[in-house]
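# Commentary on secondary and tertiary structure
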Amino acid sequence: DSGVTQTPKHLITATGQRVTLRCSPRSGDLSVYWYQQSLDQGLQFLIQYYNGEERAKGNILERFSAQQFPDLHSELNLSSLELGDSALYFCASSPSGGPEAFFGQGTRLTVV
Amino acid sequence: QKEVEQDPGPLSVPEGAIVSLNCTYSNSAFQYFMWYRQYSRKGPELLMYTYSSGNKEDGRFTAQVDKSSKYISLFIRDSQPSDSATYLCAMSSMDSSYKLIFGSGTRLLVRP
């Protein structure tokens, strides 16, 4: 167990809908990363937060947004969902925004 | 061309064999090199983390980095059936906020 908690584990929703994925980082970790894993693209970096502030952005769609709250948990919001958004979404945390990142078990999103 | 290349396998070996997994990369800015293990439908688990060139050993696992050749390796000694998983290499640099760039992963099967 990495200590990173993601909820829900599974999510099935219809196209056009909006969902929120939640991540609780390891105790004391200030940095949270979101990644998307799909069969054709592999693991892709979406966005990073450090102590509540956005630090880096990857290939994150405009329909997607995230935030990190004062208690350091983070949420990834996905809207206007399309079939192609079906994937595993992982959250990872690191102690001080450094290179070692510890991953949660992921949220499997299925858009039907 | 992808920044990080990794042979997808699958790689099938008998129990007790020495396994060699490799990645090549093109971005000379990468300074941090990680190996993750991912079991089916689970989150990636950090196995090894190396800074810059050199070797690092942890139990049955040895990670090697050759920055001059832009080539990294993971060796698994005395492989066990429980080592059967997908192994992902990942790399990052300080100037990119340590976001991880992943290889596509190599599927390893250790036969009893």
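What you see as residue numbers is a count from 1 along each chain, following the sequence as written. Working convention: letters from A go to chains and numbers from 1 go to ligands, in the order in which they are written. The predicted origin of the model limits local features to residues at a pLDDT of at least 70 and limits the giving and counting of side-chain atom pairs to 80 or more, whereas totals for whole chains, interfaces and linings rest on all residues. With hydrogens and water set aside, each side-chain value is computed from the structure's full complement of heavy atoms.

## Considering the overall build of chain A
Within chain A, the regular secondary structure consists of 0 helices and 11 strands. For chain A, the N- to C-terminal ordering of α and β elements is β-β-β-β-β-β-β-β-β-β-β. Every radius of gyration here is taken over C-alpha atoms, with the globule rule written as 2.2 Å times N^0.38, N being the number of residues. Over its C-alpha atoms chain A spans a radius of gyration of 13 Å, differing by no more than 12% from the 13 Å that the globule rule assigns to 112 residues. Reported as C-alpha extents along the three principal axes, the dimensions of chain A are approximately 35 × 30 × 25 Å. Accessibility here uses a 1.4 Å probe with only protein chains present; expressed as a share of the type maximum, an area under 20% marks a residue as buried, one over 50% as exposed, and anything in between as partly exposed. Of all 112 residues assigned to chain A, the portion counted as buried reaches 51%. At a minimum sequence separation of 6, the contacts of chain A that also span at least 24 residues come to 54%. Here, Shrake-Rupley sampling with a 1.4 Å probe gives the accessible areas, and only protein chains in the shown set may cover a residue. Carbon and sulfur atoms make up 47% of the accessible area of chain A, which amounts to about 5,300 Å² in all. Here the positive residues are Lys and Arg and the negative ones are Asp and Glu; neither His nor the chain ends is included. A charge is said to be at NZ when it belongs to Lys, at CZ for Arg, at CG for Asp and at CD for Glu. Side-chain charges of chain A comprise 8 positive and 11 negative groups, with the mean position of each set lying 3 Å from the other. Each helix is a run of DSSP H or I of at least 4 residues and each strand a run of E of at least 2, with the numbering of both proceeding from the N terminus. In what follows, residue pairs with any heavy atoms lying within 4.5 Å of each other are defined as contacts.

## Details of the nonpolar core
Residue and element names in this part refer to chain B. Buried Ala, Val, Leu, Ile, Met, Phe, Trp, Tyr and Cys residues form a nonpolar core when they are joined through side-chain atoms within 4.5 Å. Among the nonpolar cores identified, the biggest contains 25 residues, and V4, W35, I72, L74, I76, Y87 and M91 are the most heavily contacted of them. Of all the secondary-structure elements, those providing two or more residues to this core are β3 (19-25), β4 (32-38), β5 (45-51), β7 (61-66), β8 (71-76), β9 (85-92) and β11 (106-111). Not counting chain neighbours up to four residues away, the residues in contact with L74 comprise V19, S20, L21, W35, L47, M48, F61, T62, A63 and Y87.

## Details of the interface of chain A and chain B
Facing the 20 residues of chain A at the interface are 17 residues of chain B. We define buried area as the total accessible area lost by two parts upon association, computed with a 1.4 Å probe and summed across both. Carbon and sulfur atoms supply 61% of the area that chain A and chain B bury against each other, a total of about 1,600 Å² over both sides. Of all residues in chain A, the largest losses of buried area upon contact with chain B belong to L43(A), P99(A) and F103(A), amounting jointly to 34% of the total for that side. A side-chain nitrogen of Lys or Arg and a carboxyl oxygen of Asp or Glu constitute a salt bridge if their distance falls within 4 Å. The tally of links between chain A and chain B comes to 0 salt bridges. Contacts described as polar in this section are N or O atom pairs within 3.5 Å, which, within protein, must combine one atom able to donate a hydrogen with one able to accept it, while residues neighboring in sequence count only if both atoms come from side chains. Run the count over chain A and chain B and you get 4 residue pairs in polar contact (both at pLDDT 80 or more).

## Examining the pattern of salt bridges
Pairing between side chains becomes possible if they bear opposite charge and their charged atoms approach one another. Under the criterion given, the structure shown has 7 salt bridges over all chains. A salt bridge links E75(A) to R22(A), with the shortest nitrogen-to-oxygen separation between them at 4.0 Å. Here R22(A) lies in strand β3 (residues 19-24) and E75(A) lies in strand β8 (residues 74-78), a separation of 53 residues in the sequence. For E75(A), a relative accessible area of 17% corresponds to the buried category. A salt bridge links R37(B) to E45(B), with the shortest nitrogen-to-oxygen separation between them at 3.2 Å. For E45(B), a relative accessible area of 36% corresponds to the partly exposed category. It is possible to trace a salt-bridge network through shared partners that takes in R63(A), E82(A) and D85(A).

## What to know about the packing of aromatic side chains
Here a Phe, Tyr or Trp ring, Trp counted by its six-membered ring, pairs with any other such ring whose centre lies within 6.5 Å, and the pair is stacked when the planes are under 30 degrees apart, edge-to-face when over 60, and tilted otherwise. Scanning all chains against the criterion turns up 15 aromatic pairs over all chains. Connected via pairs of aromatic rings, a cluster forms that spans Y33(A), Y35(A), F45(A), F90(A), F103(A), Y36(B) and F102(B). Throughout this description, the term charge over a ring refers to an Arg CZ or Lys NZ atom that lies within 6 Å of the ring centre and within 35 degrees of the ring normal. Just above the ring of F102(A) sits the side chain of R26(A); from NZ or CZ to the centre is 3.9 Å. The ring centre of Y50(A) lies 4.2 Å from the NZ or CZ of R55(A), which sits over that ring.

## Looking at the sheet that holds β8(A)
Within a sheet, adjacent strands bond to each other through the backbone by hydrogen bonds, running parallel or antiparallel. All names here are of chain A. Any two strands with at least two DSSP bridges between them are considered paired. With antiparallel pairing, 4 strands are arranged side by side in an open sheet as β1-β3-β8-β7. The strands lining the two open edges of the sheet, one partner per strand, are β1 (5-7) and β7 (64-68). The mean angle between the axes of side-by-side strands here comes to 15 degrees, regardless of whether they run parallel or antiparallel. In terms of strand pairing, β3 meets β8 through 5 bridges, oriented antiparallel. Residue pairing across strands places T20 opposite N77, the latter belonging to β8. Note on geometry: axes are C-alpha line fits, over the in-contact stretch for helices, and angles between N-to-C directions span 0 to 180 degrees.

## Describing the state of the cysteines
Disulfides are covalent bonds that link the sulfur atoms of two cysteine residues. The disulfide definition used here is simple: a pair of cysteine sulfur atoms within 2.5 Å. This structure, assessed with the given rule, holds 2 disulfides over all chains. Bridging C23(A) to C91(A), the disulfide has an S-S length of 1.8 Å. Sign of the S-S torsion, about -50 degrees for the bond between C23(A) and C91(A), identifies this disulfide as left-handed. Here C23(A) is found in strand β3, whereas its partner C91(A) is found in strand β9 (residues 87-94), with 68 residues between them in sequence. C91(A) matches C23(A) in its accessibility class, with the two residues each being buried. With its sulfur 2.0 Å from that of its partner, C23(B) forms a disulfide with C89(B). Across the S-S bond of C23(B) and C89(B) the torsion is about -100 degrees, and the bridge reads as left-handed. Here C23(B), found in strand β3, pairs with C89(B), found in strand β9; they are 66 residues apart in sequence, far enough to count as distant. The exposure classification of C23(B) matches that of C89(B), with both residues buried.

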